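# A look at the structure
Spelled out from the first residue to the last, the chains are:
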Amino acid sequence: MLSFQEKRTLFALLDTDDTSEAARKIFLSPKTVYTYASNIGQKLNLSSILQVRQYIFSEFAKDAENVKSVTY
């Protein structure tokens, strides 16, 4: 399970392409964001922040597609 701070970091990284900007959004230093991203990577068996970002975008892209396909 991801911690609260790791989840905040995950969503901040989802919202921006820039790690420094993500850090500013959640009032953390860029180094702390890298640390949380590294922790996320270890928990998800990913080896780099790039892989963490790719995973985040791929998972949320799937969710967005599923929402689009629902008809009311």
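These numbers were taken from a predicted model, which means no experiment stands behind them.

## Quick word on the side chain of Thr9
- When you line up the elements, Thr9 lands in helix H1 (residues 4-15).
- According to the relative accessible area criterion, Thr9 is buried, its value standing at 0%.
- Within the structure, Thr9 has its side chain in polar contact with the backbone oxygen of Gln5 (distance 2.9 Å).
- The contacts of Thr9, once residues within four sequence positions are left out, are Ile26, Leu28, Val33, Tyr36 and Ala37.

## Some remarks on the environment of Tyr36
- Following the sequence through the fold, Tyr36 ends up in helix H3 (residues 30-43).
- Expressed as a C-alpha distance, the spacing of Tyr36 and Thr9, which sit 27 residues apart in the sequence, is 6.8 Å.
- Among all residues touching Tyr36, those that are not within four sequence positions of it are Gln5, Glu6, Thr9 and Leu28.

## Brief notes about the pattern of salt bridges
- Across all of its chains, the model carries three salt bridges by this definition.
- When the shortest N-O distance is used, the salt bridge between Lys25 and Asp15 registers 3.6 Å. Taken together, the residues Lys25 in helix H2 (residues 19-25) and Asp15 in helix H1 connect sequence positions 10 residues apart.
- With relative accessibility at 54%, the residue Asp15 sits in the exposed group.
- Note that Arg24 is salt-bridged to Glu21, the shortest N-O span being 3.0 Å. Residue Arg24 and its partner Glu21 are located together in helix H2, separated by three residues, close to a single helical turn.

Rules behind the numbers
Residues numbered from 1 in each chain as written. Predicted model: local features only at pLDDT ≥ 70, side-chain atom pairs only at ≥ 80, totals over all residues. Heavy atoms only, no water. Helix = DSSP H or I, 4+ residues; strand = E, 2+ residues; numbered from the N terminus. Buried < 20%, exposed > 50% of the residue type's maximum accessible area, 1.4 Å probe, protein only. Polar contact = N/O pair within 3.5 Å; in protein donor to acceptor, adjacent residues only side chain to side chain. Contact = heavy atoms within 4.5 Å. Salt bridge = Lys/Arg side-chain N within 4 Å of Asp/Glu carboxyl O.

Structural measurements only, silent on function.
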